[in-house]
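Structure at a glance
If you want the building blocks of each chain, they are given just below.
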Amino acid sequence: MEKLGVAIIGSGSAVPTTSLDNQGLTQLVDTSDEWIATRTGIKERRLAGADESLKTIATMASFKAIAAAGITAADIDLILLATSTPDDLFGTACQIQAELGATKAVAFDLTAACSGFVFGLVTAAQYIRTGVYQNVLLIGGDILSRWVDWQDRGTCILFGDGAGAVILQANESDRLLGFELKTDGTQNHYLNLAYKASTDELIPGVKVNKGNFQPITMNGKEVYRFAVQRVPEVIDKALFHANLSVDQIDWLILHQANQRILDAVAQRLNIPAHKVISNLAEYGNTSAASIPLALDEAVQQGKIKPGDIIATSGFGAGLTWGAAIFQWGR
Ligand code: COA
């Protein structure tokens, strides 16, 4: 029988070694541990140092996911790297392919900000469902510390660096039970890491824009409002496609943006707190990495077991948001 279903069979994660706690941030901006903890739930975050890069942490997470899945790098057909902070604007997935020795794999980056992992999950699933590929390595990784304005207390308290990875494999039964993806570009201006052009005249009459990317800008209130409204809706839609009800969810893994967002979404959906996975106190918002990082920790801790039903949702810049319902393991 042809295997056209999708199973998510292994996970791995990696974070930089350096940790910066809220107290440390008070040396940079006018803030306090108490303010950050009560408004966001974040206590500390990891920051990539001089000898760390997206490639190094994403490769480490990938090796662990490959081992957990019981495959080898040579088995991988496709590597998808969800990131907004590549080491190279031409992409970082190819560098990871080389590091892993995944010689058969085609590799490319995918950018959908904090929704990147969920968008990547659905993208990977399409290649498997069409029978094109059997083993896909999906990585969510970001080093937002490169692009944070460390003088802006409205944003610098939120973000951290990390990487998480999963292996998706062709399977007789389909464990990706439902999904829904959304974009609203009219709200793009609420969260940006924008390129700012500066005109350079090459020869008379021929101008090019040689600029730089600018630090992250955000309208926190609008992003908060968007998340608590849209995330429950999109999870409901994904559940509908999966033909499941809320009480059949074993675990809710939301993009780890803010504990108040996690609480509000769970409350709106009537999901009890003990089913909500949260590790943002330790890592802050790691963008595309946050969902696979939280997933992998819960798997390592023995919380998530094969057969458990997981509802996950990513949301963020774009604005983009999406949800997927899947059953863990083969
Ligand atoms: N430390 C201390 N005070 C701070 C502060 C900080 N780090 N940041 C802002 N403040 C101050 C503000 O200046 C304001 O002071 P004022 O009342 O004197 O004007 C007050 O605290 C309240 O600020 P406000 O922006 O209204 O706070 P908030 O409750 O909306 O919380 C966020 C701010 C950023 C924590 C919150 O809006 C949020 O989490 N939004 C979602 C952001 C997000 O998740 N983005 C990523 C999505 S992928």
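In the block above lies the structure referred to throughout.
Read on for a plain summary of the structure. From a predicted model like this one, the values you see are computed outputs, not experimental measurements. (Residues numbered from 1 in each chain as written. Predicted model: local features only at pLDDT ≥ 70, side-chain atom pairs only at ≥ 80, totals over all residues. Heavy atoms only, no water.)

**Structural notes on the environment of R129**
You can see R129 is positioned in helix α5 (residues 116-129). Along the chain, R129 and E44 lie 85 residues apart, while their C-alpha atoms are 40 Å from each other. A polar contact is formed between the side chain of R129 and the side chain of D174, at a distance of 2.8 Å. There is a polar contact of 3.0 Å between the side chain of R129 and the backbone oxygen of L176. (Helix = DSSP H or I, 4+ residues; strand = E, 2+ residues; numbered from the N terminus. Polar contact = N/O pair within 3.5 Å; in protein donor to acceptor, adjacent residues only side chain to side chain.)

**Some thoughts on the sheet that holds strand β8 (residues 176-183)**
The 4 strands are arranged β8-β17-β16-β15 in an open sheet whose pairing can be described as mixed. Each edge of the sheet is formed by a strand with only one pairing partner; in this case those strands are β8 and β15 (251-254). For this sheet the average axis-to-axis angle between neighbouring strands, irrespective of direction, equals 10 degrees. Sitting on the sheet, α5 touches β8, β16 (309-316) and β17 (320-327), and the angle it makes with β8 is about 125 degrees. (Pairing = 2+ DSSP bridges. Axes fitted to C-alpha atoms, helices over the stretch in contact; angles between N-to-C directions. Contact = heavy atoms within 4.5 Å.)

**Some remarks on the environment of L239**
Along the chain, L239 turns up in helix α6 (residues 220-242). As a C-alpha pair, L239 and E172 span 67 residues in sequence and 21 Å in three-dimensional space. When residues no more than four places from it in sequence are discounted, the contact partners of L239 are L244, S245, V246, I249 and I325.

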